[in-house]
Amino acid sequence: MDHFLYREGILHAEDVPIPEIAAAVGTPVYVYSTATLIRHYRLFEEALRPLPHLVCFAMKANSNLAVVRTLGQLGAGVDVVSAGEYLKARAAGIPGERIVFSGVGKTREEMRLALAGGIRQFNVESEPELAALSQVASAMGRRASIALRVNPDVDAGTHEKIATGRKEDKFGIPIGRACAVYAEAARLPGIEVVGIDVHIGSQLTRLEPFEAAYRKVAELTRLLRADGHDIRRLDLGGGLGIPYTRSNEAPPLPTDYGAMVRRTVGDLGCEIEIEPGRLIAGNAGLLVARVIYVKQGEGRDFLILDAAMNDLVRPAMYGAHHDIVPVVEPPPGAAHHPYDVVGPVCESGDTFARGRPLPPLAEGDLVAFRSAGAYGAVMASEYNSRPLVPEVLVHGDQFAVIRARPTFDDLIRRDTIPGWL
Ligand code: LLP
């Protein structure tokens, strides 16, 4: 459920008509709903409630300071994967004790930064990283709290590019080696073992792969405790999928996920951490675009929008589907016409949808891509020197620009011409 509904025939974000935002900020523009963000965060909170837990929003899905602060004010932690995300989390007001640091290639500088600024836990993904972290922490007179990310060799059954829990993926430590690596961790002076971490992929539409992975984590917890490790936290990663179309089978709900978590690891007395990104932010955002031209091709009509693959790369990169809706509601029973929906970028990959049935649209009309709040703006670029797409946050009947569109001067000033030219 989200808060983007038609009212009197006009698509609204909460109480704000989308055309009002488009007129004030221009298009393309991302529009987020505060109420939807809050609702989705609370679903996880409630799903895990009987267990001690921390919901750590995966900032890679949407790292806008205003979005992160909205969640932080509800008590959310965050999962960060770079110095940039760490600093943005702090700037958004997230205290260090609610930040977990994930990622396969943390640099020593990033480790130092997080240790100095305050960090709840590092999710360590390899033995060399463990050794480096121990050195960095020791040199600062500190011990870093860590969970080892284990790779359970479970196929998440998701898109090839976002599956992370199979043995051929670059992530984590093979679960069969975990006991040996934990033993080594316990010997290192700069390391304090606090838990186990696992994340098997993104946009999972079934619970079974999670369940298989979490059962392996439960078994490992018992083994490690028998070896004398104080395993008190389990970070179960993110990955719960969202419905991208209203027609297809709905993925499990956070309540189902929560029940499964309790079933698999609930009796271990551990504090549970989860790292959802997409489920919190995905359906809390739209990308609003305007039709530049309707072009008749050979046997197909192209809807040429002012948004392009640089603004929303998921269709080009993963073949992902996003529902596209007109901002002015078509009359009931309006005839639909198949359009190839494309952007202005100079490559054929800049195609959002082929043969998509849509009501008749004309130059100047507004459309909205649904489910664009996660992995949308964060993956945008300025390819073709198109200024970075702006973002707007709606809260009831108010809206604010939370990242402004750069001007063409900004774009030009960002480059430097060396003295010899
Ligand atoms: N934790 C870790 C360690 C992750 O690598 C990820 C996502 C998450 C949590 C959050 O997963 P979520 O709940 O959002 O599924 N750009 C791709 C998605 C990449 C996901 C990468 N890792 C897309 O647009 O589909």
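This one's a predicted model, so the numbers in the text were calculated from it and none came from an experiment.

What counts and what doesn't
- Residues numbered from 1 in each chain as written.
- Predicted model: local features only at pLDDT ≥ 70, side-chain atom pairs only at ≥ 80, totals over all residues.
- Heavy atoms only, no water.
- 1 Å grid on protein atoms, 1.4 Å probe; cavity = no way out; pocket = protein on both sides within 12 Å on 5 of 7 lines; lining within 4 Å.
- Points joined across faces, edges and corners; volume = space filled by probe spheres on them.
- Nonpolar A, V, L, I, M, F, W, Y, C, P; charged D, E, K, R; others polar.
- Helix = DSSP H or I, 4+ residues; strand = E, 2+ residues; numbered from the N terminus.
- Buried < 20%, exposed > 50% of the residue type's maximum accessible area, 1.4 Å probe, protein only.
- Contact = heavy atoms within 4.5 Å.
- Near = heavy atom within 4 Å.
- Polar contact = N/O pair within 3.5 Å; in protein donor to acceptor, adjacent residues only side chain to side chain.
- Sits in = over half its atoms within 2 Å of the grid points.
- Domains from an automatic or database assignment.
- Pairing = 2+ DSSP bridges.
- Buried area = accessible area lost by both parts, 1.4 Å probe.
- Salt bridge = Lys/Arg side-chain N within 4 Å of Asp/Glu carboxyl O.
- Core = buried A, V, L, I, M, F, W, Y, C linked by side-chain atoms within 4.5 Å.
- Axes fitted to C-alpha atoms, helices over the stretch in contact; angles between N-to-C directions.
- Parallel < 35°, antiparallel > 145°, perpendicular 65-115°, else oblique.
- Left-handed = near helix turned anticlockwise from the far one by under 90°.

(A) Region of interest: empty space enclosed by the protein. Under the definition given, this model contains 1 cavity of 30 Å³ or more. One number sums up the size of the largest cavity: a volume of about 40 Å³. If you trace the largest cavity, you find it lined by Phe-44, Gly-237, Gly-238, Gly-239, Leu-240, Tyr-257, Ile-274, Glu-275 and Pro-276. Across the lining of the largest cavity, the residue classes break down as 5 nonpolar, 3 polar and 1 charged.

(B) Local environment of the environment of Ala-147. Mapping Ala-147 onto the fold places it in strand E9 (residues 144–151). Residue class for Ala-147 comes out buried when judged on its relative accessible area of 1%. Along the backbone, Ala-147 and Val-100 are 47 residues apart, and their C-alpha atoms lie at a distance of 9.7 Å. Excluding anything up to four places from it in sequence, Ala-147 contacts Gln-121, Phe-122, Asn-123, Val-124, Tyr-182, Gly-195, Ile-196 and Asp-197.

(C) Representation of the site of the ligand. For the ligand, the set of nearby residues contains 18 residues, the closest of which are Ser-202, Glu-275, Arg-278, Arg-314 and Tyr-375. The backbone of Gly-277 places a nitrogen or oxygen atom 2.9 Å from an oxygen atom of the ligand. A molecule is said to occupy a pocket when more than half its atoms come within 2 Å of that pocket's grid points, and by this definition the ligand occupies the second largest pocket. Of the domains in this structure, domain 1 (4–31 + 282–413) and domain 2 (34–279) are the two that each give at least three residues to the shell around the ligand.

(D) Representation of the sheet that holds strand E3 (residues 16–17). Strand order across the open sheet formed by 3 strands is E1-E2-E3, with antiparallel pairing between neighbours. Edge positions in the sheet fall to strand E1 (4–7) and E3, since each of these pairs with one other strand and no more.

(E) Structural context of the domain arrangement of the protein chain. Segmentation of the protein chain into domains returns domain 1 (4–31 + 282–413) and domain 2 (34–279). Just the C-alpha atoms count here: the centres of domain 1 and domain 2 sit 32 Å apart. Taking both partners together, domain 1 and domain 2 bury about 2,000 Å²; carbon and sulfur atoms supply 51% of that area. When the area that domain 1 buries against domain 2 is broken down by residue, the three leading residues are Asn-283, Tyr-318 and Tyr-375, summing to 26%. At the surface where domain 1 touches domain 2, the tally comes to 0 salt bridges.

(F) Quick peek at the layout of surface pockets. In this structure, the largest pocket occupies an estimated 790 Å³ of space. Asp-2, Pro-243, Thr-245, Arg-246 and Arg-370 are the residues nearest the centre of the largest pocket, which is lined by 36 residues in total. Residues that form the lining of the largest pocket fall into these classes: 22 nonpolar, 7 polar and 7 charged. Summarising the domain contributions, the lining of the largest pocket has at least three residues from each of domain 1 (4–31 + 282–413) and domain 2 (34–279). Put simply, the second largest pocket is a space of about 630 Å³. Forming the walls of the second largest pocket are 30 residues, and the residues nearest its centre are Lys-60, Thr-164, Phe-171, His-199 and Tyr-375. Among the secondary structure elements, those contributing two or more residues to the lining of the second largest pocket are helix H10 (278–281) and helix H11 (314–318). Of the residues contributing to the lining of the second largest pocket, the split by class is 11 nonpolar, 9 polar and 10 charged. When residues of the lining of the second largest pocket are assigned to domains, at least three fall in each of domain 1 (4–31 + 282–413) and domain 2 (34–279).

(G) Summary view of the nonpolar core. By size, the foremost hydrophobic cluster in this structure holds 101 residues, and its most contacted members are Phe-122, Ile-146, Tyr-214, Leu-234, Leu-236 and Tyr-257. Considering every element that reaches this core, the biggest residue donor is helix H8 (residues 208–226), with 7 residues. When we break this core down by domain, the ones giving at least three residues each are domain 1 (4–31 + 282–413) and domain 2 (34–279). Sequence-distant contacts of Tyr-257, defined by excluding residues within four places in its chain, comprise Phe-44, Leu-207, Phe-210, Tyr-214, Leu-236, Gly-237, Leu-240 and Ile-274. Grouped together as the second largest cluster of nonpolar side chains are 18 residues, Phe-4, Ile-18, Ile-21 and Val-25 included.

(H) Structural view of the packing of helix H4 (residues 83–91) against helix H5 (residues 108–117). Two elements in contact, H4 and H5, have axes separated by 10 Å at closest approach and are oriented at 20°. Here H4 is positioned roughly parallel relative to H5, judged by the angle of their axes. As for how H4 packs across H5, the hand of that crossing is left-handed. Between H4, through Ala-83, Tyr-86, Leu-87 and Arg-90, and H5, the contact on the second element is made entirely by Glu-110, Leu-113, Ala-114 and Gly-117. Considering only residue class, the contact of H4 with H5 consists of 5 nonpolar, 1 polar and 2 charged.

(I) How the structure looks around the pairing of E1. As judged from the 4 bridges shared by E1 and strand E2 (residues 10–13), these two strands associate in the antiparallel manner. Bridge pairing in E2 places Tyr-6 opposite Leu-11. Between E1 and the antiparallel strand that follows it, E2, lie 2 residues; Glu-8 among them carries a positive phi value of about 45°.

(J) Structural detail: the side chain of Thr-245. Within the element layout of this structure, Thr-245 appears in the loop between strand E12 (233–235) and helix H9 (254–265). Exposure remark for Thr-245: the relative accessible area of 15% places this residue in the buried category. Setting aside residues up to four positions removed in sequence, Thr-245 forms contacts with His-321 and Asp-323.

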